[in-house]
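# Notes for the structure review
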Amino acid sequence: MAVAAAALLGGCGKREDAAGQPPAAAAEPIVLTALVWAPDWAEEMHRVADTFMREHPDVRINLQFMIGNSVEENLKPKAATDSLPDIISVNPNPYTQALADQGLLADMGDTAAWDNTLEILQREWTSPGRRRFGIPGGLATTLIYYNRDMFERAGIQKPPADFDEFIAAAGALKKAGFTPLTLSGAFPNMLGNGPFSYGFANGVVPHVPDWRARIADGTLALNNAQGAGLFTKLKVLADKKLLPSDCMRTGYDDTLRQFTEGRVAMTFQGTWAAGTLMHGRDMRVGVFPPPWNDKGHALTPVIGSETGFAVAQRSSERNRKAAKQFIDFLYGPGMPIWQSKRQNIPPFKKVSEDMAGDRVLFSLVERMEHAALESGAPGLYYSYLPANTIEVLHGLLQAVLSGRKSPEDAARALQASIRDQARAGSK
């Protein structure tokens with residue numbers, strides 16, 4: 001009985017392995033939160049995360065997707081409360097650079113993805129404090145995608161080379177019974193990335209070479225012809241009825257469908273949508289740079305970066321390491337999962353030959369990239385505005401497009417917002 005009692009008491013104590021040591025406790029799984037801007041590839045992002053988790057069973061990824069009109073409006077409340085998720089979508093603009101230099105974003109320079117990123121994009125993704133704060137989603141611009149058959153039936157022999165020619169081509173399309181162009185009036189992010197950015201590059205930048213500094217100190221003058229010109233071309237499109245009648249109710253996905261279903265002849269869209277737009281139903285599709293330049297002036301291309309990914313610095317060291325591992329996977333083994341659908345232009349020095357995409361489009365953007373480098377001012381100009389000004393601009397673009405505000409009033413309001421944001425930032 002004494003032996004049995006001793007055995008029973010021994011069984012109630014800590015178990016030991018053969019060497020007489022207690023077994024090591026299993027490590028808690030790593031749980032990463034991710035807040036992602038993926039308006040047209042959420043399913044693919046889920047697939048990437050699922051594949052990564054199968055290969056890394058000690059990591060769980062909780063995916064959430066941004067909503068609204070911009071990345072910044074999703075980030076601001078979380079940054080203000082110091083509650084950024086482990087992985088976040090960001091843009092390479094002054095707002096994000098400030099987050100990096102405030103210590104809210106981790107340095108990504110130790111990732112394989114950063115090493116392979118194009119130098120032109122690395123500069124955009126390096127903060128004034130030299131923090132390499134994110135990885136771009138792709139080399140980006142916005143283009144005019146057009147239906148070649150409709151152009152031929154309207155007698156248009158070649159893509160227009162300036163805005164006057166563009167309006168003439170749109171008029172010929174309308175006369176031939178086609179709706180010339182669709183814009184995302186209900187998703188002003190694309191009005192900013194498209195017409196505004198090209199208007200800024202071709203209407204303001206040639207007159208104000210130090211535009212970046214003037215935005216930063218609030219002295220950019222837009223109460224002039226150049227400022228009004230940023231909005232005038234939108235008004236012309238509306239006044240001449242070159243857009244669908246429901247333009248102001250048209251969202252991002254709606255514009256893609258209108259074009260791919262053959263209901264419009266052109267759309268002003270990003271390279272990130274090439275996978276959808278280049279393969280319309282029984283359609284021959286072409287692309288050309290948006291001719292937002294005036295007659296007799298060379299076109300200044302808008303080349304920059306797609307929205308990319310960053311890692312929160314305030315996460316634990318273990319989470320930061322796992323988050324960077326996931327981003328390297330996203331741009332490595334996981335890249336074909338999402339790039340094959342989007343067919344966007346990879347942001348890398350070395351691009352695999354089997355990368356999905358239209359090589360004519362790739363070559364066009366490469367030529368635009370070289371031209372932008374020669375001009376010394378590459379970048380998506382829309383993203384360089386202060387975060388709060390971007391929200392103001394969204395409303396201004398919609399107001400001009402709908403006829404509720406004149407281009408001159410919109411330009412004055414934009415100038416005032418830039419000035420006010422500079423003053424608020426200096427306090």
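Scroll up to find the structure.
All values derive from a computational prediction rather than experimental measurement.

The next subject is the packing of helix 2 (residues 42–55) against helix 14 (residues 317–330). Direction vectors running N to C along helix 2 and helix 14 enclose 120 degrees, while the axes themselves pass 11 Å from each other. Judged on the interaxial angle alone, helix 14 and helix 2 are oblique. For the pair helix 2 and helix 14, the crossing hand works out as right-handed. Along the contact surface, helix 2 presents Met45, Val48, Ala49, Thr51, Phe52 and Glu55, while helix 14 presents Ala322, Gln325, Phe326, Phe329 and Leu330. When its residues are assigned to classes, the contact of helix 2 with helix 14 shows eight nonpolar, two polar and one charged.

Another point: the sheet that holds strand 2 (residues 59–65). Read across the sheet, four strands follow the order 2-1-3-10 without closing on themselves; strand pairing throughout is mixed. In this open sheet, the two edge strands, each paired with only one partner strand, are strand 2 and strand 10 (308–311). Taking the axes of each pair of neighbouring strands and ignoring which way they run, one obtains an average angle of 25 degrees across the sheet. Relative to strand 3 (residues 87–90), strand 1 (residues 30–36) runs parallel, the two sharing two bridges. Bridge pairing in strand 3 links alanine 34 to isoleucine 87. Contacts between helix 2 and the sheet are confined to strand 1, strand 2 and strand 10, with strand 2 contributing the most and set at about 170 degrees to the helix. With respect to the sheet, helix 3 (residues 71–80) is in contact with strand 1 and strand 3, its orientation differing from that of strand 3 by roughly 135 degrees.

With that out of the way, let us pick up the packing of aromatic side chains. Evaluated as defined, the whole model comprises 22 aromatic pairs. Between phenylalanine 52 and phenylalanine 326, the aromatic rings sit 5.2 Å apart at their centres with planes inclined by 85 degrees, giving edge-to-face as the arrangement. Here phenylalanine 52 is found in helix 2, whereas its partner phenylalanine 326 is found in helix 14, with 274 residues between them in sequence. A residue is classified by how much of its surface remains accessible, and phenylalanine 52, at 0% relative accessible area, is buried. Between tyrosine 198 and phenylalanine 268 the ring centres are 6.2 Å apart and the planes differ by 55 degrees, which places this aromatic pair in the tilted class. Taken together, the positions of tyrosine 198 in helix 9 (residues 188–203) and phenylalanine 268 in strand 7 (residues 266–270) put the pair 70 residues apart, joining distant regions of the chain. Among the aromatic residues, ring-to-ring pairing joins Trp41, Phe309, Tyr331, Trp338 and Phe348 into one connected group. For arginine 212, the ring lying beneath its charged end belongs to tyrosine 384, and the centroid distance is 4.8 Å.

What counts, and where the lines are drawn
Residues numbered from 1 in each chain as written. Predicted model: local features only at pLDDT ≥ 70, side-chain atom pairs only at ≥ 80, totals over all residues. Heavy atoms only, no water. Axes fitted to C-alpha atoms, helices over the stretch in contact; angles between N-to-C directions. Helix = DSSP H or I, 4+ residues; strand = E, 2+ residues; numbered from the N terminus. Parallel < 35°, antiparallel > 145°, perpendicular 65-115°, else oblique. Left-handed = near helix turned anticlockwise from the far one by under 90°. Contact = heavy atoms within 4.5 Å. Nonpolar A, V, L, I, M, F, W, Y, C, P; charged D, E, K, R; others polar. Pairing = 2+ DSSP bridges. Phe/Tyr/Trp six-rings, centres within 6.5 Å; stacked < 30°, edge-to-face > 60°. Buried < 20%, exposed > 50% of the residue type's maximum accessible area, 1.4 Å probe, protein only. Lys NZ or Arg CZ within 6 Å of the ring centre and 35° of its normal.

Scope: geometric values only; no functional claims are made or implied.
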